[in-house]
Amino acid sequence: MPLPPWNEVRDALLLVLTPAAGASLALMLLIRVWAGPRWAPLAAALAFAAAVAAGNYFPEAFSWRLDSERPLTAGDLRTVLGWSLEGKPPAKETENPEPTPEPEPPPLPSPRYWLPWLAALALLIEGLSLLPATPAAAGWVARTLASVLAGRLLTPADMRLEMPWAPWALAVAVLAGWALVSTLQRRWEDGTIGTALGLCFALAAGVVLHAHSARLTDLALICGAALLGPALVCWKWPGNTSPALAAAVLVLPGLMLNAQYETFSEVPYTSFLLAGLAPLGLAPLTVPVLARQQGWRRWLPGLGLPLALAAAALVLARQAESLPFE
Amino acid sequence: MVRVLMTVVLVGLAAGLARAAEVKFALSGDNTKVTFVGTKPEGKHDGGFKKLSGSATVDGDPTTLKIAVDIDTDSLYSDDAKLTGHLKSPDFFGVKNNPTAKFATTKVEKANDGGYAVTGNLTLNGKTKEVKFPAKIEAGADSLTLASTFKINRNDWGISYGKGKIDDDVTIGVAIKAKK
């Protein structure tokens with residue numbers, strides 16, 4: 001696969017990857033090494049959030065504001081949340097020929113608008129679930145509800161009409177990935193899963209690049225770079241980084257679903273599906289005999305299985321579509 | 001003499017009534033062309049929109065012209081197939097989330113150069129901004145022609161991908177040749 005022109009690579013390195021990776025590494029090192037393993041979940045959550053904010057500063061790949069010229073208000077969030085959950089209501093017909101002037105409503109956001117908000121929710125829920133005072137059942141209920149909410153918000157409205165099962169399928173994918181990373185990371189506490197997910201995002205970025213969207217490619221790169229801190233630091237100083245991993249497994253399938261929906265290219269649907277579901281490649285590792293493995297017997301399948309799915313996705317994309325600069 | 005005067009008055013009234021009658025023209029991709037030219041240091045790309053629908057009403061005087069059109073953004077085309085896909089993606093027009101662009105006039109004034117200045121609201125990428133552009137307009141009883149070329153800054157509508165690599169100004173061309 002040829003590399004993009006040097007100026008594009010340079011801009012991605014300087015404006016996207018370096019800020020995101022730098023923020024992720026710095027915060028993770030600072031908090032984990034200074035405060036100890038008990039603070040690893042908080043360190044991972046803050047590292048992920050800071051990395052996304054830093055990486056997003058220049059490209060604004062995440063559209064977290066409704067309108068760049070309109071201040072973000074709680075009322076607007078409630079309004080668009082209602083639209084996103086139920087679909088925007090049709091304009092009302094009134095007998096009054098002189099309609100009462102109303103404040104201009106906010107613009108209807110794309111489902112991608114909810115990605116950073118849902119990622120923040122995942123960070124919070126996973127972090128709170130790890131507290132000793134939180135009952136395990138309450139944690140799983142919260143994870144399930146968040147996954148259902150993500151399924152609903154991240155599925156485009158007309159896709160929901162054509163395929164009413166789509167939000168539920170997305171919710172199941174999110175919850176399954178969340179359960180996998182939460183369970184495995186609690187057991188292993190090393191950088192295997194963080195590294196695997198980071199590389200999955202990098203390969204997903206390659207898929208989206210073939211689908212001709214630089215904005216969504218940047219979005220995938222930001223998330224991959226945001227996992228660098230939790231992944232690398234935990235190879236040396238183990239700790240439970242599941243909040244960051246939970247945010248990642250929520251974002252990845254939602255991102256790939258919307259990338260397939262919003263882009264126009266020959267990249268097949270299967271490519272987006274494999275890239276979005278790559279974290280589920282970890283499923284065989286929940287088998288007790290595999291979960292107990294140490295060293296390379298853990299790293300090899302832990303990295304290899306998800307990456308195999310993500311790599312297959314990229315191969316399919318490459319076969320179907322050429323890059324814009326080729 | 002009185003009869004002559006009465007005749008003149010009646011003819012004048014009839015002419016006035018005829019002039020005041022508004023004529024409505026249906027606009028579509030067949031009689032209305034909307035094109036754009038995007039530029040960058042290495043060159044330029046042409047494109048446009050094939051499908052639109054709307055109407056133009058005028059009563060003979062171009063300053064009474066009112067235009068309202070909805071443009072199907074998915075009908076976007078360009079001089080390169082990959083570029084067309086890229087323009088439709090979230091990097092530019094995001095047509096899946098913004099399937100319709102709109103334009104509606106608010107005012108048409110006579111300009112000093114013999115043409116007209118058209119003011120209206122352009123909705124693109126989910127944002128509505130006022131635009132003002134020069135136009136040559138001819139409005140008859142059964143035909144309307146309008147021709148204009150003007151520039152917009154794409155950042156005003158949140159189409160900001162490629163800052164520094166792709167020029168911010170985009171040249172828009174509008175040509176209407178409508179018949180009743």
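What counts, and where the lines are drawn
Along each chain, residue indices are assigned from 1 in the same order as the chain's sequence is written. Key to labels: chains lettered from A, ligands numbered from 1, both in the order written. Confidence filtering applies because this is a predicted model: local features only for residues at pLDDT of at least 70, side-chain atom pairs given and counted only at 80 or more, and all residues used for totals across whole chains, interfaces and linings. Where side-chain values are given, they derive from all heavy atoms of the structure, hydrogens and water being excluded. Helix and strand assignments come from DSSP, with helices taken as H or I runs of at least 4 residues and strands as E runs of at least 2, each series counted from the N terminus. When we talk radius of gyration, it's over C-alpha atoms, and the globule rule is simply 2.2 Å times the number of residues to the 0.38. The rule is simple: take the accessible area with a 1.4 Å probe, protein chains only, and divide by the maximum for that residue type; under 20% is buried, over 50% is exposed, in between is partly exposed. Contact definition: two residues touch when any of their heavy atoms are within 4.5 Å. The protein chains shown are the only cover counted for residues, whose accessible areas, like all others here, come from Shrake-Rupley with a 1.4 Å probe. Charge counting follows a simple rule: Lys and Arg are positive, Asp and Glu are negative, and His as well as the terminal groups are ignored. Each charge is placed at NZ for Lys, CZ for Arg, CG for Asp and CD for Glu. Per residue, pLDDT measures the predictor's confidence, with a range of 0 to 100. Within the patch definition used here, like charges are joined within 9 Å and nonpolar side chains (Val, Leu, Ile, Met, Phe, Trp, Tyr) within 5 Å, considering only residues with over 30% relative accessible area and no salt bridge. Salt bridges are counted wherever a side-chain nitrogen of Lys or Arg sits within 4 Å of a carboxyl oxygen of Asp or Glu. In protein, a polar contact means a hydrogen-donor-capable atom and an acceptor-capable atom, both N or O and within 3.5 Å, with residues adjacent in sequence counting only if both atoms are side-chain atoms; elsewhere, any N or O pair within 3.5 Å suffices. Think of it as three bins: nonpolar holds Ala, Val, Leu, Ile, Met, Phe, Trp, Tyr, Cys and Pro, charged holds Asp, Glu, Lys and Arg, and polar takes everything else, Gly as well. Only strands joined by at least two bridges in the DSSP assignment are considered to pair. Axes here refer to lines fitted to C-alpha atoms; in helices the fit is confined to the stretch in contact. Angles between the N-to-C directions go from 0 to 180 degrees. Here the expected length of a helix is defined as 1.5 Å per residue gap, with one fewer gap than residues. By definition in this entry, angles of less than 35 degrees are roughly parallel, angles greater than 145 are roughly antiparallel, angles of 65 to 115 are roughly perpendicular, and the rest are oblique. Working definition: rings of Phe, Tyr and Trp (its six-membered ring) pair if their centres are within 6.5 Å, and the pair is stacked with planes under 30 degrees apart, edge-to-face with planes over 60 apart, and tilted otherwise. Remark: a charge is flagged as sitting over a ring if the NZ atom of Lys or the CZ atom of Arg is within 6 Å of the ring centre and within 35 degrees of the ring normal.

A few words on the overall build of chain B. A count of helical and extended segments in chain B gives two helices and 11 strands. When the helices and strands of chain B are placed in sequence order, the string is α-β-β-β-β-β-β-α-β-β-β-β-β. For 180 residues, the compact-globule estimate of 2.2 N^0.38 gives 16 Å, and the C-alpha radius of gyration of chain B, at 20 Å, exceeds that figure by more than 25%. Taking the principal axes of its C-alpha atoms as reference, chain B extends roughly 75 × 30 × 25 Å. For chain B, the proportion of its 180 residues judged to be buried stands at 41%. Looking at chain B alone, contacts between residues at least 24 apart form 54% of all its contacts between residues at least 6 apart. Within the structure as shown, chain B displays about 9,800 Å² of accessible surface, and the carbon and sulfur contribution to it stands at 57%. Of the side chains in chain B, 26 bear a positive and 21 a negative charge, and the two mean positions are spaced by 3 Å.

Relative to the elements of secondary structure, Ala138 of chain A occurs in helix 5 (residues 136–154). Sequence spacing of Ala138 of chain A and Leu128 of chain A is 10 residues, and the spatial spacing of their C-alpha atoms is 10.0 Å.

Residue and element names in this part refer to chain B. Averaged over every residue, the pLDDT of chain B is 90; residues scoring 70 or more account for 92%. When pLDDT is averaged over each element of chain B, strand 5 (residues 66–72) comes out on top at 97 and helix 1 (residues 2–20) at the bottom at 63. For this predicted complex, the interface confidence score (ipTM) comes to 0.83, while the overall pTM stands at 0.87.

This part is about a nonpolar patch on the surface. Residues and elements named next belong to chain A. A surface patch of nonpolar side chains, amounting to about 610 Å² of accessible area, comprises Leu228, Leu232, Trp235, Trp296, Trp299 and Leu300. Elements that contribute at least two residues to the nonpolar patch include exactly helix 10 (228–236) and helix 14 (296–320). With respect to the helices and strands, the residue Leu228 is situated in helix 10.

Turning our attention to the interface of chain A and chain B. Taken residue by residue, the interface counts 24 residues in chain A and 18 residues in chain B. The interface formed by chain A and chain B includes two salt bridges. Two residues, Asp11 of chain A and Lys165 of chain B, come together in a salt bridge whose shortest N-O distance is 3.1 Å. Counting the contacts that link chain A with chain B gives 10 residue pairs in polar contact (both at pLDDT 80 or more). For the side of chain A that touches chain B, the elements supplying multiple residues, two or more each, are helix 1 (6–35), helix 9 (214–226) and helix 11 (242–262) of chain A. A per-class count over the side of chain A that touches chain B returns eight nonpolar, seven polar and nine charged.

Residue and element names in this part refer to chain B. An order of 1-4-5-7-8-9-10-11-2-3-6 is seen for the 11 strands of this open sheet, with the pairing classed as antiparallel. Looking at which strands have only one partner, the edges of the open sheet turn out to be strand 1 (23–28) and strand 6 (76–78). The average undirected angle you get between the axes of adjacent strands in this sheet is 20°.

Before going further, it helps to examine the confidence of the model for chain A. Residue and element names in this part refer to chain A. Confidence in the prediction of chain A, expressed as mean pLDDT, is 89, and 88% of residues score 70 or more. For chain A, helix 3 (residues 74–86) is the element with the lowest average pLDDT, namely 71, and helix 12 (residues 269–277) is the one with the highest, namely 98. Counting contacts from residues 89–98, a segment whose pLDDT is below 50, to residues more than four positions away or on other chains yields one contact.

Under the defined criterion, the tally for this structure stands at 12 salt bridges over all chains. The shortest N-O distance in the salt bridge between Lys132 of chain B and Glu109 of chain B comes to 3.6 Å. Taken together, the positions of Lys132 of chain B in strand 9 (residues 127–139) and Glu109 of chain B in strand 7 (residues 100–110) put the pair 23 residues apart, joining distant regions of the chain. Residue Asp168 of chain B is joined to Arg154 of chain B by a salt bridge in which the shortest nitrogen-to-oxygen separation is 3.7 Å. Taken together, the residues Asp168 of chain B in the loop between strand 10 (143–153) and strand 11 (169–179) and Arg154 of chain B in the loop between strand 10 and strand 11 connect sequence positions 14 residues apart. Overall, Asp168 of chain B belongs to the partly exposed group, its relative accessible area being 28%. Through salt bridges that share partners, Glu8, Arg10 and Asp11 of chain A together with Lys165 of chain B make up one connected network.

What follows covers helix 14 of chain A. Because the α-helix completes a turn every 3.6 residues, residues three or four places apart line up on one side. Residue and element names in this part refer to chain A. With 25 residues, helix 14 extends 35 Å between its outermost C-alpha atoms, agreeing within 8% with the 36 Å of an ideal straight helix rising 1.5 Å per residue. If you check which residues of helix 14 are buried, you get Arg298, Gly302, Pro306, Leu307, Ala310, Ala313, Leu314 and Ala317. Looking at the buried residues of helix 14, the elements they touch are helix 7 (166–188), helix 8 (192–210) and helix 12.

Attention now moves to the packing of helix 4 (residues 115–129) of chain A against helix 5 of chain A. All names here are of chain A. Contact geometry of helix 4 with helix 5 gives a least axis separation of 10 Å together with a crossing angle of 175°. What the angle tells us is that helix 4 and helix 5 run roughly antiparallel. Of the residues in helix 5, those in contact with Leu115, Leu118, Leu121, Ile125, Glu126 and Ser129 of helix 4 are Gly139, Ala142, Arg143, Ala146, Leu149, Ala150, Leu153 and Leu154. Per-class residue counts for the contact of helix 4 with helix 5 are 10 nonpolar, two polar and two charged.

Despite not being glycine, Glu189 of chain A has its phi angle at roughly 60°, a positive value. With respect to the helices and strands, Glu189 of chain A occurs in the loop between helix 7 and helix 8. Even without glycine at this site, Asn125 of chain B takes up a positive phi of about 55°. Looking at where Asn125 of chain B falls in the secondary structure, it is placed in the loop between strand 8 (116–124) and strand 9.

This part is about the packing of aromatic side chains. Taken as a whole and judged by the stated rule, the model has 10 aromatic pairs over all chains. One residue, Arg143 of chain A, lies across the ring of Trp140 of chain A, its end atom 4.2 Å from the ring centre. We note Lys96 of chain B situated over the ring of Tyr261 of chain A; from NZ or CZ to the ring centre the distance is 4.5 Å.

Here the focus is the side chain of Asp190 of chain A. Residues and elements named next belong to chain A. Inspection of the secondary structure assignment puts Asp190 in the loop between helix 7 and helix 8. Only 2.9 Å separates the side chain of Asp190 from the side chain of Arg298, close enough to count as a polar contact. Those residues in contact with Asp190, other than ones at most four positions away along the chain, are Gln185, Cys234, Trp235, Arg298 and Trp299.

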